[in-house]
Amino acid sequence: MGGQFARRARAAASGVIADDIRAAVRDVPNFPKPGIVFKDITPVLANPRLFRGAVSLMARAIARYQPDEIVAIESRGFLLGAPVADALGLPLQLVRKPGKLPYKTAGYDYQLEYGSDRLEIHIDAIARGQRVAIVDDLLATGGTAAATAKLVEQQGGEVACCAFLIELAFLDGRHSLARWPVERVVEF
Ligand code: AMP
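A brief look at the structure comes next. The numbering scheme is per chain: residues are counted from 1 as the chain's sequence reads. Side-chain atom pairs in this predicted model are given and counted only at pLDDT of 80 or more, local residue features only at pLDDT of at least 70, and totals for whole chains, interfaces and linings cover all residues. The side-chain figures draw on all heavy atoms in the structure; neither hydrogens nor water molecules are used.

So, the nonpolar core
- Among the nonpolar cores identified, the biggest contains 31 residues, and Ile21, Met58, Ile62, Ile70, Leu165, Ile166 and Val185 are the most heavily contacted of them.
- Every helix listed is a DSSP run of H or I at least four residues long, and every strand listed is a run of E at least two residues long, numbered separately from the N terminus. At seven residues, the largest contribution of residues to this core is made by helix H3 (residues 48–63).
- Residue contacts are counted whenever heavy atoms from the two residues lie within 4.5 Å of one another. Beyond its immediate stretch of four places on either side in the chain, Ile70 contacts Ile62, Gly81, Val84, Ala85, Leu90, Pro91, Leu92, Gln93, Ala133 and Val135.
- As used in this record, nonpolar core signifies buried Ala, Val, Leu, Ile, Met, Phe, Trp, Tyr and Cys residues forming a set joined through side-chain atoms within 4.5 Å. Categorising residues by exposure relies on relative accessible area from a 1.4 Å probe, with only protein chains included: less than 20% of the type maximum marks a residue as buried, more than 50% marks it as exposed, and the intermediate range marks it as partly exposed. In this structure, Val95, Ala125, Ala145 and Ala146 belong to the second largest nonpolar core, which totals 24 residues.

Written out as structure tokens, the structure reads:
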């Protein structure tokens, strides 16, 4: 009985904090290009209560999938992936743009609307069969997270879940991530 009460109180509190996080995200129109509304998370990072709340909501959602490791995507994904890995006591690995990681890398090339791009990870980042939770700040079209998930699988890992602070639901990024569970804290 008491446990159920505490669970309900926690769920209500996490709803309140998610609403506050959503309200703090700043829209920056026409950045970095005309027509894009950039979701600026720096006001969330600048507010210790909201930053801690964001990390703890993401960590709680990810913990349900019992991953062995966190893989964070450059660069705002690092800001969330690092404290989530710390909160869950899990190893952290980084996925970066080409040429940024210092040791030997494996890469995955993927198509953009115009041209292509590549993501890299250290060759010893993922052990065979390891369950990986992928973390980024924002899910838009899903191209970046899908490429990361394929890179993880190419390296012999299993994608336990993909977790985001923000989902732009109108872009239906979940469609590109249909093979993997998706978690997010706030939606626009
Ligand atoms: P996508 O591959 O389309 O899902 O784009 C996701 C990546 O691009 C994430 O790493 C985001 O940080 C970044 N991104 C895409 N759209 C936005 C946006 N409107 N505001 C902020 N970041 C964005």
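We are not done yet, so read on.
Here's the deal with the site of the ligand
- In the vicinity of the ligand lie 13 residues, with Asp136, Asp137, Thr141, Gly142 and Thr144 positioned nearest.
- One of the side-chain nitrogen or oxygen atoms of Arg76 is found 2.8 Å away from an oxygen atom of the ligand.
- Nitrogen and oxygen atoms within 3.5 Å of one another constitute a polar contact, given that in protein one can donate a hydrogen and the other can accept it, and given that sequence-neighbouring residues count only through two side-chain atoms. Within the backbone of Gly142, a nitrogen or oxygen atom sits 2.7 Å from an oxygen atom of the ligand.
- Here the Shrake-Rupley method, with its probe set to 1.4 Å, supplies the accessible areas, and only the displayed protein chains count as covering residues. Burial of the ligand by the surrounding chains reaches 81%, relative to a free accessible area of 490 Å².
- Think of it as three bins: nonpolar holds Ala, Val, Leu, Ile, Met, Phe, Trp, Tyr, Cys and Pro, charged holds Asp, Glu, Lys and Arg, and polar takes everything else, Gly as well. Of the residues that constitute the shell around the ligand, the class distribution is five nonpolar, four polar and four charged. Here a residue is near a molecule or strand as soon as one of its heavy atoms is found within 4 Å of it.

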